[in-house]
Amino acid sequence: DAGVTQSPTHLIKTRGQQVTLRCSPKSGHDTVSWYQQALGQGPQFIFQYYEEEERQRGNFPDRFSGHQFPNYSSELNVNALLLGDSALYLCATQALAGPETQYFGPGTRLLVL
Amino acid sequence: QKEVEQDPGPLSVPEGAIVSLNCTYSNSAFQYFMWYRQYSRKGPELLMYTYSSGNKEDGRFTAQVDKSSKYISLFIRDSQPSDSATYLCASYTSGTYKYIFGTGTRLKVLA
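It should be emphasised that the depicted structure is a prediction, and the values quoted were computed from it without experimental measurement. (Residues numbered from 1 in each chain as written. Chains lettered and ligands numbered in written order. Predicted model: local features only at pLDDT ≥ 70, side-chain atom pairs only at ≥ 80, totals over all residues. Heavy atoms only, no water.)

Draft legend 1. Region of the structure containing the sheet that holds strand β3 (residues 19-25) of chain B. Residue and element names in this part refer to chain B. One open sheet accounts for 5 strands, arranged β1-β3-β8-β7-β6; its pairing is antiparallel. Whereas interior strands pair on both sides, the edge strands pair on one side only; in this sheet they are β1 (4-6) and β6 (54-58). Ignoring strand direction, the axes of neighbouring strands in this sheet form an average angle of 15 degrees. Relative to strand β7 (residues 61-66), β6 runs antiparallel, the two being bridged by 5 bridges. Paired with G54 across the strands is V65, a residue of β7. (Pairing = 2+ DSSP bridges. Helix = DSSP H or I, 4+ residues; strand = E, 2+ residues; numbered from the N terminus. Axes fitted to C-alpha atoms, helices over the stretch in contact; angles between N-to-C directions.)

Draft legend 2. Representation of the interface of chain B and chain A in the model. Opposite the 20 residues of chain B that make contact, chain A presents 23 residues. Taken together, both faces of the contact between chain B and chain A bury some 1800 Å²; the carbon and sulfur share is 56%. The largest per-residue losses of area from chain B upon contact with chain A belong to Y97, Y99 and F101 of chain B, which jointly make up 33% of the total buried on that side. Put simply, chain B and chain A have 0 salt bridges between them. Seen at the junction of chain B and chain A, the total is 6 residue pairs in polar contact (both at pLDDT 80 or more). For the side of chain B that touches chain A, the elements supplying multiple residues, two or more each, are β4 (32-38), β5 (45-51), β9 (85-92) and β10 (99-101) of chain B. A total of 4 residues in the side of chain B that touches chain A trace back to one element, the largest contributor, which is β4 of chain B. Across the side of chain B that touches chain A, the residue classes break down as 11 nonpolar, 5 polar and 4 charged. (Contact = heavy atoms within 4.5 Å. Buried area = accessible area lost by both parts, 1.4 Å probe. Salt bridge = Lys/Arg side-chain N within 4 Å of Asp/Glu carboxyl O. Polar contact = N/O pair within 3.5 Å; in protein donor to acceptor, adjacent residues only side chain to side chain. Nonpolar A, V, L, I, M, F, W, Y, C, P; charged D, E, K, R; others polar.)

Draft legend 3. Up close: a nonpolar patch on the surface. Residues and elements named next belong to chain A. Residues I12, L111 and L113 make up a contiguous nonpolar surface patch of roughly 300 Å² in combined accessible area. Within the fold, L111 resides in strand β11 (residues 108-112). What makes L111 partly exposed here is its relative accessible area of 40%. (Patch = residues over 30% accessible without salt bridge, like charges linked within 9 Å, V, L, I, M, F, W, Y side chains within 5 Å. Areas by Shrake-Rupley, 256 points an atom, 1.4 Å probe, with all protein chains shown as cover. Buried < 20%, exposed > 50% of the residue type's maximum accessible area, 1.4 Å probe, protein only.)

Draft legend 4. Spotlight on the sheet that holds strand β7 (residues 64-68) of chain A. Residue and element names in this part refer to chain A. Taken in spatial order, the 4 strands line up as β1-β3-β8-β7 in an open sheet, and their pairing is antiparallel. The sheet is open, and its two borders are formed by β1 (5-7) and β7, each paired with just one other strand. Neighbouring strand axes in the sheet, compared pairwise and without regard to direction, differ in orientation by 20 degrees on average. Two elements, strand β3 (residues 19-24) and strand β8 (residues 74-78), share 5 bridges in a ladder whose sense is antiparallel. Its bridge partner lying in β8, V19 is registered against V78.

Listed below in structure tokens is the structure:
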């Protein structure tokens, strides 16, 4: 079992550009959450996808959007990048509704210049 | 006020010491309380979780939740240099689908 995988591992973009990050869930997991972790901070919840629908969203602007595919993999899209979007973006997947089953991927480190 | 507060540290202890890591929370609706360990440049990994109040032990680790004082603790016995990492507490309420994390405490165990 490969666990949760994310791509790319690192990314450098400039202000105003758009970025797409990808996540493949752990085997047996059908729920995907995305988090933003700024340096020295804890992960901040962006949104969660289940059955290809966004079912909960944190306090992030509409520039942050996502998608879940029928195979449960997911994308996070960020438009009009700001310097403050520089962070580690974490994908976490889980089975059913059990919070104890949540597994994190290694993250994508995004730097916005 | 943040819903989950955690002292960022850093906390340095000698090898073999007992480590106490703590968080406070403000939302009475939280039901699940988790501790994650995050090594540098890696994703968090779940160490322990507790449902509602009480203690839970797993090897050298003990998680404790006191809902009356809204206090979450993680104790590490016989700490090892390999325990050096950032420890994140998190809380969750069924039906909200949101996990609320503290800022994390950086722990360094000195050999």
